[in-house]
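Analysis of the macromolecular model
Spelled out, the chains give:
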Amino acid sequence: MKNRAKCKLCQSIIESFHSTDYVMCKCGEIAVDGGAGLKCYAKTWDNFIRIDDNGNELIVTATDIPDRSPLDGQAKPTRKEMIDMLDEMVKNIERLPEAALSSPITHYDHLSLILLLSSILRSDD
Ligand SMILES: [Zn+2]
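Below or above, wherever it landed, is the structure these notes cover. Residue indices begin from 1 for each chain and proceed along its sequence in written order. Selection of residues for local features in this predicted model requires a pLDDT of at least 70, selection of side-chain atom pairs for listing and counting requires 80 or more, and totals for whole chains, interfaces and linings are taken over all residues. The basis for every side-chain value is the complete set of heavy atoms in the structure, and neither hydrogens nor water enter the calculation.

A few words now on the overall build of the protein. Check the secondary structure of the protein and you find 3 helices and 7 strands. Runs of H or I in DSSP of at least four residues are treated as helices and runs of E of at least two as strands, each being numbered from the N terminus. Helices and strands appear in the protein in the N-to-C order β-β-β-β-β-β-β-α-α-α. Expressed as a percentage of the 125 residues in the protein, the buried residues total 34%. Partitioning the contacts of the protein with sequence separation of at least 6, the portion at a separation of at least 24 is 47%. Note on classification: 1.4 Å probe, protein chains only; a residue is buried when its accessible area is under 20% of the maximum for its type, exposed when over 50%, partly exposed between these limits. Two residues qualify as a contact provided that any one of their heavy atoms is within 4.5 Å of a heavy atom in the partner residue.

Set out below in structure tokens:
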């Protein structure tokens, strides 16, 4: 299953693509990390909605809440890190079998890409 989630507050849909891919929603309420490891964080779990591979929204029940949210004082990814994410996305797509390359992407995939590009363009460093 893809490590994808939606923030109830800002409606951002975020996805972690690999083990070091830490992605926070626009308002900083939730985050996903660790790619397929499905690591995730939320200031309030009520605002965290898991999105499954078919785009369905799943309500999660948090059972393992860390003492301290890593969102506290966590630096946003730098421009370079976000560009690395883009490069990683390109590599992942290039590794796909030919049949998969001709299959359509979903609006969620499209949205994650646009959000990443938008964050890069907005970052000043
Ligand atoms: Zn948010």
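Here we come to the pattern of salt bridges. One side-chain nitrogen of Lys or Arg within 4 Å of one carboxyl oxygen of Asp or Glu is enough to make a salt bridge. Scanning the model with the defined rule gives 5 salt bridges in all. Asp109 is the salt-bridge partner of Lys2, the closest N and O atoms lying 3.7 Å from each other. You can see Lys2 sitting in the segment before β1 (3-7) and its partner Asp109 sitting in helix α3 (residues 107-122), a full 107 residues away along the chain. Residue Lys2 is classed as partly exposed on the basis of its relative accessible area of 33%. Among the salt bridges present, the one from Arg4 reaches Glu15, with a minimum N-O distance of 2.8 Å.

Right, let's get into the sheet that holds β1. Taken in spatial order, the 4 strands line up as β2-β1-β6-β7 in an open sheet, and their pairing is antiparallel. Each edge of the open sheet is held by one strand with a lone partner, namely β2 (13-16) and β7 (57-59). Across the sheet, the mean angle separating the axes of adjacent strands is 35 degrees when strand polarity is ignored. In this sheet, strand β6 (residues 48-51) lies alongside β1 in antiparallel orientation, the contact comprising 3 bridges. Within β6, the position partnered with Ala5 by the bridge is Arg50. Sitting on the sheet, α3 is in contact with β1, β2 and β6, with an inclination near 85 degrees to β2. Any two strands with at least two DSSP bridges between them are considered paired. Interaxial angle, 0 to 180 degrees, is taken between N-to-C directions of lines fitted to C-alpha atoms, where a helix line uses only the stretch in contact.

Turning our eyes to something else, we now look at the environment of Tyr41. Along the polypeptide, Tyr41 turns up in strand β5 (residues 39-42). Tyr41 gets classed as buried once you look at its relative accessible area, which sits at 14%. Separated by 17 residues in sequence, Tyr41 and Met24 have C-alpha atoms that sit 8.9 Å apart.

The next subject is the pairing of β5. Successive residues of a regular strand alternate their side chains across the two faces of the sheet. Examined bridge by bridge, strand β4 (residues 30-33) and β5 share 4 bridges and lie antiparallel to one another. Directly across from Val32, in β5, lies its bridge partner Cys40. Here β4 hands over to β5 after 5 residues, with Gly34 in that stretch at a positive phi of 80 degrees.

Let us look at the side chain of Asp52. Mapped onto the elements of the fold, Asp52 is located in the loop between β6 and β7. Charge counting treats Lys and Arg as positive and Asp and Glu as negative, with His and both chain ends excluded. Lacking a salt bridge, the buried Asp52 has Arg4 as its closest oppositely charged neighbour, with an N-O distance of 7.1 Å. A polar contact is formed between the side chain of Asp52 and the backbone nitrogen of Asn54, at a distance of 2.8 Å. Whenever a nitrogen or oxygen atom comes within 3.5 Å of another N or O atom, the pair is scored as a polar contact, on the condition that within protein one atom can donate a hydrogen and the other can accept it, and that pairs from neighbouring residues in sequence are kept only if both atoms are in side chains.

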